[in-house]
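# A structural walkthrough
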Amino acid sequence: MTEKAKLVHCIVDDAQLYSDEGFYLGDLTQTMSNAIKADYPGAKVTSFICAHHLLKYRMSRVDSLINSDLKQSQKINRKLTRALQSDNYEIRDVNESLQQSLTFGQKVSDAVARFGGSWTFIFIFIVILIIWMVINGLALFGVHFDPYPYILLNLFLSCFSAIQAPIIMMSQNRAAERDRLDSENDFHVNLKSEHELRILHAKLDHLTQNQLPHDLEVEKLQLQILGEVRSELAKLREENTKLKEKLKQQENQ
């Protein structure tokens, strides 16, 4: 008890105490003061509350902050779960799906397109043309079945092109189907990623705007409580020292 301490009444139980054993409502934070005024509407900024009852309000404030953050985190987690469950599309292995559905004709068209688009095919085709023209132009070995201007060769090339083009188009159609499946997979992957990113942003916003300030407020309340405990211990040490001095004086007398 200091020399300036005066007798006051606690607003909670009307107990008579010294002013250094608690706080006036005007000295408390606005949040804490409003919580006390909610329970005691007649309270004013000059009203007094003892440290014992103020501790209950502080602990209640800490609990409300923790519960509020916990509920918000659970709400965000539920949103994430619903977002992931709403998109039940299963990402498929396009190569495996197409490989399992291949028919004999599709395999042939892929092989023809693969061979027809290679340098091996070009070289073989050039060699065949040269041999054809040399045999028929020079009448080697007495063979002269397609004389110049090689009408039979032109007919062969036209028929070959007419047959090869649709076969290559079949393979291109399969390539287009592969691209479509790839695009569909990419769309659903991007959609899931967008859902997750939005909810992660919501979590970060919750951390920066709510949870971190709440944590700082909780730490502030803890420091205030520890400071009051330390002051109470100091008072007890002082009273203990005074009692020891009185005992010594009585023993000396």
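Here goes a summary of the coordinates provided. On a predicted model such as this, the values are computed, not experimentally measured, just so you know.

## Notes on the overall build of the chain
Along the chain, the regular secondary structure elements total six helices and four strands. For the chain, the sequential pattern of α-helices and β-strands runs β-β-β-α-β-α-α-α-α-α. Taken over the C-alpha atoms alone, the chain extends approximately 155 × 45 × 30 Å along its principal axes. Buried positions account for 21% of the 253 residues belonging to the chain. Taking all contacts inside the chain whose residues are at least 6 apart in sequence as the whole, residues at least 24 apart take part in 63%. Carbon and sulfur atoms provide 60% of the accessible area of the chain, an area that totals close to 18,500 Å². Within the chain, one finds 29 positive and 32 negative side-chain charges whose respective centroids are separated by 4 Å.

## Notes on helix α5 (residues 119-138)
Taking 1.5 Å of rise per residue, the 20 residues of α5 would be expected to cover 28 Å, and the 28 Å separating its terminal C-alpha atoms lies within 8% of that figure. Residues Phe121, Leu129, Trp132 and Asn136 constitute the buried set of α5. Across the axial projection of α5, the buried residues extend over an arc of 65°, all falling on one side. Seen from the buried face of α5, the exposed residues on the opposite side, beyond 90 degrees, are Trp119, Phe123 and Leu138. Buried residues along α5 sit in contact with α4 (104-116) and α6 (151-252).

## What to know about helix α1 (residues 30-39)
Regarding α1, the residues found buried are Met32, Ser33 and Ile36. Seen along its axis, α1 keeps its buried residues to an arc of 100°; they face one direction. α1 presents Gln30 and Ala38 as exposed residues on the side facing more than 90 degrees away from its buried surface.

## Some remarks on the nonpolar core
In terms of nonpolar packing, the biggest core is built from 17 residues, with Leu28, Met32, Ile36, Ile49 and Leu54 touching the most fellow members. Listing elements by their share of this core, those giving two or more residues are α1, β4 (48-50), α2 (51-86) and α6. Those residues in contact with Ile36 that lie beyond four places of it in its chain are Leu25, Leu28, Ile49, Leu54 and Tyr57.

## Section: the side chain of Ser171
Structurally, the position occupied by Ser171 is in helix α6. Since its relative accessible area comes to 14%, Ser171 is described here as buried. Within the local environment of Ser171, its side chain forms a polar contact with the side chain of Asp110, the two groups lying 3.1 Å apart. With near-sequence residues (within four places) excluded, Ser171 lies in contact with Ser109, Asp110 and Ala113.

## Remarks on a positive patch on the surface
Together, Lys75, Arg78, Lys79 and Arg82 make up a positively charged patch on the protein surface. Residue placement: Arg82 occurs in helix α2.

Definitions and limits used
Residues numbered from 1 in each chain as written. Predicted model: local features only at pLDDT ≥ 70, side-chain atom pairs only at ≥ 80, totals over all residues. Heavy atoms only, no water. Helix = DSSP H or I, 4+ residues; strand = E, 2+ residues; numbered from the N terminus. Buried < 20%, exposed > 50% of the residue type's maximum accessible area, 1.4 Å probe, protein only. Contact = heavy atoms within 4.5 Å. Areas by Shrake-Rupley, 256 points an atom, 1.4 Å probe, with all protein chains shown as cover. Lys, Arg positive; Asp, Glu negative; His and termini not counted. Charge placed at Lys NZ, Arg CZ, Asp CG, Glu CD. Expected span 1.5 Å × (residues − 1). Arc of directions from axis to C-beta. Core = buried A, V, L, I, M, F, W, Y, C linked by side-chain atoms within 4.5 Å. Polar contact = N/O pair within 3.5 Å; in protein donor to acceptor, adjacent residues only side chain to side chain. Patch = residues over 30% accessible without salt bridge, like charges linked within 9 Å, V, L, I, M, F, W, Y side chains within 5 Å. Salt bridge = Lys/Arg side-chain N within 4 Å of Asp/Glu carboxyl O.

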